[in-house]
Amino acid sequence: DTAVSQTPKYLVTQMGNDKSIKCEQNLGHDTMYWYKQDSKKFLKIMFSYNNKELIINETVPNRFSPKSPDKAHLNLHINSLELGDSAVYFCASSYAGTGASPLHFGNGTRLTVT
Amino acid sequence: DQQVKQNSPSLSVQEGRISILNCDYTNSMFDYFLWYKKYPAEGPTFLISISSIKDKNEDGRFTVFLNKSAKHLSLHIVPSQPGDSAVYFCAASGASYGKLTFGQGTILTVHP
């Protein structure tokens, strides 16, 4: 009965590979997000989708491509992985996407690029 | 350009005492302020929030205070419990689409 679930939990891969992280929410929310927590522990927004429509794209390299097949899913595909992509990636969801609506986060995917 | 700052990387408190976590922000356009709690290997979980039109919001043991003129907010936990030991993130957002700007977190340790 996990609210926001993302897979895999850990992902170790080599530079240059392409990988995907999947996210699903069963809360009935209409807005989903990807956040990145870097080595300095800052959480920064990457993308936001509202009802499958891209709303926020925060100057993320175009090697990162989010895909939302329906409003309960938001996957993240990363091409040509680089060392600097190593981080923890969190998926989240909320109602309405307004500032007043708290985000519910998944447990994160720790990506390590070697 | 760090718009939300938590200047104390860590805080240690005795069980039963008050924990006060602080957060400063620079962007006067922020409308909402939120606190999240994070345990290791888990995602952040929402704790409490406050709108910029209020100066205090209380929920059980947790109270958030907002001082807009000082661009400062704080989270008070009374009484502190060992289970409160976690990383606490302050976050702020404008009116639309849940774009949260997070501080770097404060590690709270509550000793029995």
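Scroll up a little and you will see the structure.
Residues numbered from 1 in each chain as written. Chains lettered and ligands numbered in written order. Predicted model: local features only at pLDDT ≥ 70, side-chain atom pairs only at ≥ 80, totals over all residues. Heavy atoms only, no water.

Let us now look at the overall build of chain B. Each helix and strand counted, chain B has zero helices and eleven strands in total. In sequence order, the secondary structure elements of chain B are arranged as β-β-β-β-β-β-β-β-β-β-β. Computed over the C-alpha atoms, the radius of gyration of chain B is 13 Å, within 12% of the 13 Å expected from 2.2 N^0.38 for a compact globule of 112 residues. With the C-alpha coordinates of chain B rotated into their principal frame, the extents come out at 40 × 30 × 20 Å. Taken over 112 residues, chain B has a buried fraction of 42%. When contacts within chain B are restricted to residue pairs at least 6 apart in sequence, those whose partners lie at least 24 apart make up 54%. Approximately 5400 Å² of chain B is accessible, and the part contributed by carbon and sulfur atoms is 50%. A gap of 3 Å separates the mean positions of the 10 positive and 9 negative side-chain charges of chain B. (Helix = DSSP H or I, 4+ residues; strand = E, 2+ residues; numbered from the N terminus. Rg over C-alpha atoms; globule rule 2.2 N^0.38 Å. Buried < 20%, exposed > 50% of the residue type's maximum accessible area, 1.4 Å probe, protein only. Contact = heavy atoms within 4.5 Å. Areas by Shrake-Rupley, 256 points an atom, 1.4 Å probe, with all protein chains shown as cover. Lys, Arg positive; Asp, Glu negative; His and termini not counted. Charge placed at Lys NZ, Arg CZ, Asp CG, Glu CD.)

It is worth spelling out the nonpolar core at this point. Grouped together as the largest cluster of nonpolar side chains are 23 residues, with contacts concentrated most on F33(B), W35(B), L73(B), L75(B) and Y88(B). For this core, the secondary-structure elements that each account for two or more residues are β3 (19-25), β4 (32-38), β5 (45-51), β7 (62-67), β8 (72-77), β9 (86-93) and β11 (106-111) of chain B. Considering each element in turn, this core owes the most residues, four residues, to β9(B). Core analysis: the next-biggest nonpolar cluster, separate from the first, contains 20 residues, V60(A), L76(A), C91(A) and L111(A) among them. (Core = buried A, V, L, I, M, F, W, Y, C linked by side-chain atoms within 4.5 Å.)

Residues and elements named next belong to chain A. Covered by surrounding structure in strand β11 (residues 109-113) are T109, L111 and V113 only, the residues R110 and T112 on the alternate face being uncovered. Two elements, strand β2 (residues 10-13) and β11, share four bridges in a ladder whose sense is parallel. Following the sheet pairing, V12 is matched in β11 by T112. As paired strands, strand β9 (residues 87-94) and β11 are joined by three bridges and run antiparallel to one another. Bridge pairing in β11 links A87 to L111. (Pairing = 2+ DSSP bridges.)

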